[in-house]
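In case you want the letters, here they are:
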Amino acid sequence: MSTTPRVVIIGAGIVGANLADELTARGWDRVTVVDQGPLPLTGGSTSHAPGLVFQTNASKTMTALASYTVEKLKGIDVDGAWCFNQVGGLEVATTPERLADLHRKQGWATSWGVEAQVVDAEECVRLHPLVDRDRILGGLHIPSDGLAKASRAVVALARRAEARGARFQGSTRVTGIEQAGGRVTGVRTPDGVIPADLVVSCAGFWGVELGAMVGMDVPLLPLAHQFVWTGQVPDLVGRNDELSEASLPILRHQDQDLYYRERVDCLGIGSYAHRPMPVDLRELPQGDGVRESSMPSMLPFTEEDFAPAWEQSQLLLPSLRATKIDNGFNGVFSFTPDGGPLIGESRDVAGFWIAEAVWVTHSAGVGRAVAQLLVDGRSEIDLHGCDVHRFEDVQLAPEYVSETSQQNFVEIYDVIHPLQPRLSPRNLRVSPFQARQQELGAVFLEAAGWERPHWYEANAPLVEELPTEWVPPERDAWSAQFHSPIAAAEAWRTRTAVAMYDMTPLKRLEVSGPGALGLLQRLTTGEMDKSVGAVTYALALDEAGGIRSDLTVARLGEQLFQVGANGPLDHDYLQRQAPADGSVQIRDITGGTCCIGLWGPRARDLVQRLSADDFSNDGLKYFRAKRARIGGVPVTAMRLSYVGELGWELYTSADNGQRLWDVLWAAGQDLGVIAAGRAAFNSLRLEKGYRAWGHDMTTEHNPYEAGLGFAVRTQKKADFVGRQALAGIGDDTVSRRLSCLTIDDGRSVVLGHEPVLVDGHPAGYVTSAAFGHTVGRPIAYAWLPASATVGTEVEIEYFGTRIPATVATEPLVDPEMTRLRG
Ligand SMILES: Cc1cc2nc3c(=O)[nH]c(=O)nc-3n(C[C@H](O)[C@H](O)[C@H](O)COP(=O)(O)OP(=O)(O)OC[C@H]3O[C@@H](n4cnc5c(N)ncnc54)[C@H](O)[C@@H]3O)c2cc1C
């Protein structure tokens with residue numbers, strides 16, 4: 001008799017079927033998959049998915065999820081009929097901007113291990129003879145992309161899972177989630193309760209409804225997206241038999257928001273070129289699913305919305321002039337505020353998980369990742385960009401979800417710069433300094449709903465004053481976007497005078513209570529049992545030693561800690577790990593407080609003028625914190641600096657923020673104080689070698705690989721998560737390293753995610769990059785084999801060109817820490 005947990009999966013689409021397959025492959029045989037629709041064509045999005053799988057994405061995680069899907073679906077069939085037809089993928093460019101972007105995308109593919117080539121127009125036509133040569137400038141060809149037959153794959157996966165003990169049950173609607181003592185105990189259906197130890201909702205665009213059953217916000221919006229089948233295309237006749245269906249690569253014409261696939265002698269055309277069409281679940285047809293016309297995910301075709309797409313399709317593919325649209329529909333699937341999937345467990349009802357807003361493209365990868373989370377407690381692929389708890393509260397509001405998800409629909413194929421902020425909604429979260437920042441001409445970009453100054457136009461005159469060695473070189477068109485040379489002046493003033501940085505958006509958690517010390521000891525690599533006033537930089541690891549976050553923990557009282565964290569996922573993690581006896585309270589204090597990073601060689605002169613408290617080296621040592629008053633404003637001062645200069649993070653409550661800004665500003669004028677933004681900040685942090693979690697390292701890396709071994713207190717008495725996994729690993733045993741590169745030409749600033757070549761072969765990728773204003777050269781951090789030691793010459797592939805760079809000794813600035821400790 002099996003003792004593995006009883007799992008109920010809600011939804012027998014491509015995600016639910018993959019999950020059942022992955023769980024049973026791991027020996028969990030008590031798996032029941034229920035679906036409201038009939039099997040196997042349930043009427044969900046999978047039932048009619050055209051199944052184009054373009055793997056490459058700016059995100060390493062999404063690309064890895066897609067590549068696994070390709071590998072897995074290639075290996076399954078239904079009675080010999082394919083589930084994946086590897087016809088390749090072709091994305092064509094009709095504008096120079098798109099062609100450049102395809103080069104960027106080829107870089108991502110190379111970085112993430114997918115073979116891809118940018119090809120000229122002739123080669124595009126050779127690959128896809130229907131394309132009009134004169135309309136295109138070139139294309140990106142990815143031979144391993146192709147077509148997934150999702151509905152058939154569901155059958156293959158269900159058969160395999162059933163053979164291992166799983167049960168699939170159609171026409172059974174889940175109407176509620178049974179729970180007791182904060183845990184799921186089963187799912188309710190019209191036929192009774194199906195008992196369960198774990199429930200995973202793979203309900204696709206119905207996810208919001210299922211989440212509501214346990215009071216969980218599921219930030220997705222069902223949107224309709226048009227898809228048509230043409231009649232016979234004379235130029236395709238005789239190319240494919242019924243079984244193979246397709247031989248031409250799947251095709252994307254992103255400049256017109258269109259994509260294409262073959263089906264024997266017809267073409268399927270998908271369009272994102274129409275207005276966003278949000279769908280109200282209550283208005284969906286409730287059919288039996290078998291007849292396509294009654295599938296809830298297939299809404300009636302609105303021909304007028306498709307007219308421009310048809311016109312553009314005939315221009316790109318002139319053969320279409322000889323045919324007509326045979327049939328079309330407005331198909332429904334999920335969009336989310338940032339385009340990523342939603343994976344994770346309810347905070348309130350243990351054992352209730354979701355895996356939603358997942359494309360066919362990523363479905364097997366997500367199925368495996370969720371199975372690993374359930375069975376092993378961790379996924380081998382980093383999932384922070386997929387975690388349902390990654391959003392801030394304000395981003396869970398239905399209005400926010402609706403507006404941003406619709407915007408993602410509109411921009412789905414747009415060429416987007418990594419720093420490009422959304423235009424709306426804006427001003428969701430502002431710091432108390434915002435009025436002053438606006439007076440100084442702050443140029444705001446947005447992150448996690450926060451308005452964040454990147455530079456201040458008021459500092460423009462300082463550019464004229466820059467000493468020659470600080471004058472930044474001209475940038476190329478891409479790296480000049482969302483950037484200003486003013487950042488150089490702000491960096492210069494930080495290194496030579498003093499600057500005020502708004503650090504308010506950084507997540508701050510208050511951890512308090514008799515169990516606080518014990519919790520932080522267990523969850524972090526640092527020694528937390530230090531005197532009140534100690535500040536400790538530490539890592540939170542997972543059981544396998546992967547870095548799930550880096551934290552700055554200040555002990556402000558015997559039982560009171562302030563934790564500088566990376567985002568909502570840290571809050572979620574600490575809350576889940578806190579003991580159930582109520583001995584620890586965890587509060588997100590970010591919104592109620594604010595922070596100025598006051599940094600630069602004149603920082604001490606400035607605060608000492610305004611405070612009777614002792615800010616001398618002895619009065620407040622490096623990595624110490626204390627309460628003080630500055631200009632009458634009560635603050636918690638922490639002697640830390642992300643930019644590598646003398647100074648403090650000065651925290652106060654939000655109501656006192658503007659006053660704090662004003663007193664520092666007024667008192668610092670003769671010392672040359674300026675306000676400085678994120679652009680300068682990023683440059684200065686890279687010069688000091690400070691890593692940014694989520695960019696530079698994730699759960700896929702251990703501390704030694706990431707150059708953070710110093711943060712692991714192996715001699716710490718208290719046990720901590722991940723300790724065992726690190727046994728035997730050290731700085732000298734790792735096979736890859738996060739390495740500091742400087743760019744040899746002194747001027748080319750890359751963006752991040754570019755491949756790095758060693759001896760002409762792809763060997764790693766860039767994580768963070770900036771111009772190092774102090775060192776007068778661009779900097780890039782990159783994952784590289786450990787054999788690429790200091791002095792190794794490498795190349796970074798940037799929009800198709802190779803930029804020579806050299807592995808450097810880090811940090812590039814102040815390795816003796818004299819500036820920080822001064
Ligand atoms: C027109 C169109 C074109 C697309 N093209 C592509 C493409 O080319 N490539 C690609 O990767 N993706 C594509 N997609 C997206 C893709 O189809 C979906 O993202 C994917 O199929 C979602 O799979 P799923 O298993 O999560 O959801 P679904 O297939 O929708 O399955 C969810 C299941 O949950 C069941 N369910 C819901 N509520 C309940 C309940 N209360 N009780 C019991 N069962 C319930 C539903 O009946 C349904 O069967 C396209 C989508 C559309 C609409």
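What you see is a predicted model, and the numbers here were worked out from it, not measured in a lab.

In the neighbourhood of the ligand, 36 residues make up the surrounding shell, with Asp-35, Thr-42, Thr-46, Val-358 and Thr-361 lying closest. Interatomic distance of 2.5 Å between a side-chain N/O atom of Asp-35 and an oxygen atom of the ligand. Contact distances for the ligand include 2.8 Å between a nitrogen atom and a backbone N or O atom of Leu-52. Sorting the residues of the shell around the ligand by element identifies helix H1 (14-25), strand S16 (221-230), strand S22 (325-335) and helix H8 (360-376) as the ones contributing at least two each. Looking at the shell around the ligand element by element, the count peaks at 4 residues for S22. Counted by class, the shell around the ligand contains 20 nonpolar, 14 polar and 2 charged residues.

By definition, the strands of a sheet pair up through backbone hydrogen bonds, in either a parallel or an antiparallel sense. Spatially, 6 strands are ordered S34-S35-S36-S33-S27-S37 in an open sheet, and the strand pairing comes out mixed. Since the sheet does not close on itself, it has two edges, and those belong to strand S34 (625-630) and strand S37 (674-676), each with one partner. Across the sheet, the axes of successive neighbouring strands diverge by a mean angle of 30°, strand direction being ignored. Note that strand S27 (residues 499-502) and S37 share 3 bridges and pair parallel. Bridge assignment links Tyr-501 to a residue of S37, and that residue is Ala-676.

Another point: the nonpolar core. Of all hydrophobic cores here, the largest spans 47 residues; its most connected members are Ile-9 and Leu-23. For this core, the secondary-structure elements that each account for two or more residues are strand S1 (7-10), H1, strand S2 (31-34), helix H2 (60-74), helix H5 (150-163), strand S15 (198-201), strand S24 (352-356) and H8. Apart from residues no more than four positions distant in its own chain, Ile-9 is found in contact with Gly-16, Leu-19, Ala-20, Leu-23, Val-31, Thr-32, Val-33, Val-34, Val-200 and Cys-202. Membership of the second largest hydrophobic core comes to 32 residues, among which are Val-184, Ile-194, Phe-205 and Val-214.

Tallied over the full model, the rule gives 4 cavities of 30 Å³ or more. In this structure, the largest cavity spans a volume of roughly 100 Å³. As for the largest cavity, its lining consists of 13 residues, of which Thr-552, Gly-564, Tyr-642, Glu-649 and Tyr-651 are closest to the centre. Those elements that provide at least two residues to the lining of the largest cavity are strand S31 (560-564) and strand S36 (647-653). No other element matches the 3 residues that S31 contributes to the lining of the largest cavity. Each residue belonging to the lining of the largest cavity can be placed in one class, and the counts come to 7 nonpolar, 3 polar and 3 charged. The computed volume of the second largest cavity comes to approximately 70 Å³. Lining the second largest cavity we find Arg-452, Pro-453, Tyr-456, Tyr-501, Asp-502, Met-503, Ala-676, Gly-677, Arg-678 and Phe-681.

Attention shifts here to the packing of aromatic side chains. Summed over the entire model, instances satisfying the criterion amount to 22 aromatic pairs. Aromatic side chains Phe-227 and Tyr-259 sit 6.1 Å apart centroid to centroid with 35° between the ring planes, which places their arrangement in the tilted category. Highlighted residues: Phe-227 in strand S16 and Tyr-259 in strand S18 (residues 258-263), separated in sequence by 32 residues. Given the relative accessible area of 6%, Tyr-259 is considered buried. When the ring of Trp-599 is compared with that of Phe-681, the centres are 6.4 Å apart and the planes differ by 35°; the resulting orientation is tilted. With Trp-599 in strand S33 (residues 593-599) and Phe-681 in helix H17 (residues 678-687), the pair connects residues that are 82 residues apart, well separated along the chain. Relative accessible area serves as the criterion here: at 0%, Trp-599 is assigned to the buried category. Using a relative accessible area of 5% as the deciding quantity, one classes Phe-681 as buried. Ring pairing ties together the aromatic residues Phe-227, Trp-229, Tyr-259, Tyr-272, Phe-329, Phe-333, Phe-335, Trp-359, Phe-409 and Tyr-413, which thus form one cluster. Geometry around Tyr-573 places Arg-548 over its ring, the cationic atom sitting 3.6 Å from the centre.

Attention shifts here to the pattern of salt bridges. Taken as a whole and judged by the stated rule, the model has 51 salt bridges. Its salt-bridge partner being Arg-723, residue Asp-719 comes within 3.8 Å of it at the nearest N-O pair. We classify Asp-719 as exposed; its relative accessible area is 53%. Linked through salt bridges whose partners overlap, the residues forming this network are Asp-21, Glu-22, Arg-26, Lys-72, Arg-160 and Arg-164.

Taken together, the 3 strands give an open sheet; going across it, the order is S12-S13-S14, and neighbouring strands pair in antiparallel fashion. Two strands bound the open sheet, and with one partner strand each, they are strand S12 (176-180) and strand S14 (192-195). In this sheet, neighbouring strand axes are inclined to one another by 35° on average, regardless of whether the strands run parallel or antiparallel. Sheet topology places S12 next to strand S13 (residues 183-189); 5 bridges connect them, and they run antiparallel. Looking across to S13, one finds that Ile-177 is bridged to Val-187.

The next point concerns the packing of H1 against H5. Relative placement of two packed helices is described by the angle separating their axes and the distance separating the axes. Here H1 crosses H5 at 25°, and the two axes come no closer than 9 Å. Between H1 and H5, the interaxial angle falls into the category roughly parallel. By crossing handedness, the relation of H1 to H5 is classed as left-handed. On H5, the residues that touch Ile-14, Ala-17, Asn-18, Ala-20, Asp-21 and Thr-24 of H1 are Ala-150, Ala-153, Val-154, Leu-157, Arg-160 and Ala-161. Here the residues of the contact of H1 with H5 sort into 8 nonpolar, 2 polar and 2 charged.

Definitions and cut-offs
- Residues numbered from 1 in each chain as written.
- Predicted model: local features only at pLDDT ≥ 70, side-chain atom pairs only at ≥ 80, totals over all residues.
- Heavy atoms only, no water.
- Near = heavy atom within 4 Å.
- Polar contact = N/O pair within 3.5 Å; in protein donor to acceptor, adjacent residues only side chain to side chain.
- Helix = DSSP H or I, 4+ residues; strand = E, 2+ residues; numbered from the N terminus.
- Nonpolar A, V, L, I, M, F, W, Y, C, P; charged D, E, K, R; others polar.
- Pairing = 2+ DSSP bridges.
- Axes fitted to C-alpha atoms, helices over the stretch in contact; angles between N-to-C directions.
- Core = buried A, V, L, I, M, F, W, Y, C linked by side-chain atoms within 4.5 Å.
- Buried < 20%, exposed > 50% of the residue type's maximum accessible area, 1.4 Å probe, protein only.
- Contact = heavy atoms within 4.5 Å.
- 1 Å grid on protein atoms, 1.4 Å probe; cavity = no way out; pocket = protein on both sides within 12 Å on 5 of 7 lines; lining within 4 Å.
- Points joined across faces, edges and corners; volume = space filled by probe spheres on them.
- Phe/Tyr/Trp six-rings, centres within 6.5 Å; stacked < 30°, edge-to-face > 60°.
- Lys NZ or Arg CZ within 6 Å of the ring centre and 35° of its normal.
- Salt bridge = Lys/Arg side-chain N within 4 Å of Asp/Glu carboxyl O.
- Parallel < 35°, antiparallel > 145°, perpendicular 65-115°, else oblique.
- Left-handed = near helix turned anticlockwise from the far one by under 90°.

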